[in-house]
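Structural overview
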Amino acid sequence: PEVMEKIVVGLSPGILNASADNLTLDASTVCPDDCGDGSRGSLEGCDDGNTQSADGCSEACRVEDGYFCSVSAPGGLDTCWPSVCGDGRRDNLEECDDHNIEDADGCSSECKVEAGYACARNSSAHSDVCSSYGPGPAEFFATGIDGHFDLQGKQLLFTPTPLSD
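Before going into details, it helps to say that this report is about the structure given with it.

Conventions we followed
- Residues numbered from 1 in each chain as written.
- Predicted model: local features only at pLDDT ≥ 70, side-chain atom pairs only at ≥ 80, totals over all residues.
- Heavy atoms only, no water.
- Disulfide = S-S within 2.5 Å.
- Helix = DSSP H or I, 4+ residues; strand = E, 2+ residues; numbered from the N terminus.
- Buried < 20%, exposed > 50% of the residue type's maximum accessible area, 1.4 Å probe, protein only.
- Lys, Arg positive; Asp, Glu negative; His and termini not counted.
- Salt bridge = Lys/Arg side-chain N within 4 Å of Asp/Glu carboxyl O.
- Polar contact = N/O pair within 3.5 Å; in protein donor to acceptor, adjacent residues only side chain to side chain.
- Contact = heavy atoms within 4.5 Å.

This next bit is on the state of the cysteines. Scanning the model with the defined rule gives 6 disulfides in all. Between the sulfur of Cys-69 and that of Cys-80 lies a disulfide, 2.1 Å long from S to S. Across the disulfide from Cys-69 to Cys-80, rotation about the S-S bond amounts to roughly 110°, and the bridge is consequently right-handed. Taken as a pair, Cys-69 in strand β4 (residues 67-71) and Cys-80 in strand β5 (residues 78-82) lie far apart in primary sequence, 11 residues in all. Here Cys-69 and Cys-80 have matching classes, each one buried. One disulfide bridge connects Cys-119 with Cys-130, the sulfur atoms lying 2.1 Å from each other. Handedness here is read from the sign of the S-S torsion; for Cys-119 and Cys-130, about 110°, the answer is right-handed. Separated by 11 residues along the polypeptide, Cys-119 in strand β6 (residues 117-120) and Cys-130 in strand β7 (residues 129-132) bring together distant segments of the chain.

So, in structure tokens, the structure goes:
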């Protein structure tokens with residue numbers, strides 16, 4: 001191995017072997033990432049087993065805009081699909097995805113967490129479940145004293161929380 005007397009910055013763990021006086025570069029521990037081989041390497045954003053673009057994973061093994069890719073096991077084949085709000089899968093730019101595109105349920109029609117809510121999911125295969133985390137102001141339309149709409153209306157909504165043992 002080649003002896004290096006300066007500090008090397010930015011290399012992955014496993015590349016450098018340290019000794020008391022110097023560092024050695026051991027090329028045998030460097031694993032190449034072969035884009036398109038169907039196994040996501042450490043430097044690849046995705047690997048769907050081919051080098052075609054426009055399928056979610058580019059010819060350079062990068063996730064394409066508007067797509068989401070996941071792998072079921074480390075080093076495995078990626079599956080890519082278009083990122084769609086409301087499909088129940090939380091994708092790259094979504095804060096939540098509760099499998100619908102309705103507002104006022106915690107996850108908005110644009111897949112953003114709404115004020116006064118917290119959203120979570122059991123795993124990446126599950127859609128989000130959103131819950132109100134306490135009293136929060138809700139704006140509403142109300143009829144004022146004079147019979148006209150009063151846009152200043154506010155109310156506090158309380159959601160009971162079961163006590164745990």
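That shown, we press on.
A positive phi angle, close to 60°, is found at Cys-61, a residue other than glycine. In this structure, Cys-61 sits in the loop between β3 (23-25) and β4. For Cys-61, a relative accessible area of 0% translates into the label buried.

Attention now goes to the side chain of Asp-48. As for its position among the elements, Asp-48 is in the loop between β3 and β4. Nearest to the buried, unbridged Asp-48 among oppositely charged side chains is Arg-40, at 10 Å. Among the polar contacts made by the side chain of Asp-48, one reaches the main-chain amide nitrogen of Asn-50 at a distance of 3.4 Å. If we skip the residues at most four places from it in the chain, Asp-48 touches Asp-55, Cys-57, Leu-77 and Asp-78.

Before going further, it helps to examine the pattern of salt bridges. A side chain with one charge may pair with a side chain of the opposite charge, provided their charged atoms come close. Scanning the entire structure with this criterion turns up 3 salt bridges. The closest approach of N and O atoms between Arg-40 and Asp-78, which form a salt bridge, is 2.4 Å. Taken together, the residues span a long stretch of sequence, with Arg-40 in the loop between β3 and β4 and Asp-78 in strand β5 at a distance of 38 residues. Look at Arg-40 and you get partly exposed, because its relative accessible area is 27%. Asp-128 is paired through a salt bridge with Arg-90; the nearest N and O atoms lie 2.5 Å apart. With Asp-128 in the loop between β6 and β7 and Arg-90 in the loop between β5 and β6, this pair connects stretches of sequence that are 38 residues apart.

A few words now on the side chain of Asp-97. Positionally, Asp-97 belongs in the loop between β5 and β6. Buried within the structure, Asp-97 lacks any salt-bridge partner; Arg-89 is the closest side chain of opposite charge, at an N-O distance of 7.3 Å. Among the polar contacts made by the side chain of Asp-97, one reaches the main-chain amide nitrogen of Asp-87 at a distance of 3.4 Å. At 2.9 Å, the side chain of Asp-97 and the backbone nitrogen of Gly-88 are in polar contact. Once residues within four sequence positions are removed from consideration, Asp-97 is found in contact with Val-84, Cys-85, Gly-86, Asp-87, Gly-88, Arg-89, Arg-90, Cys-107, Cys-111, Ser-127 and Asp-128.

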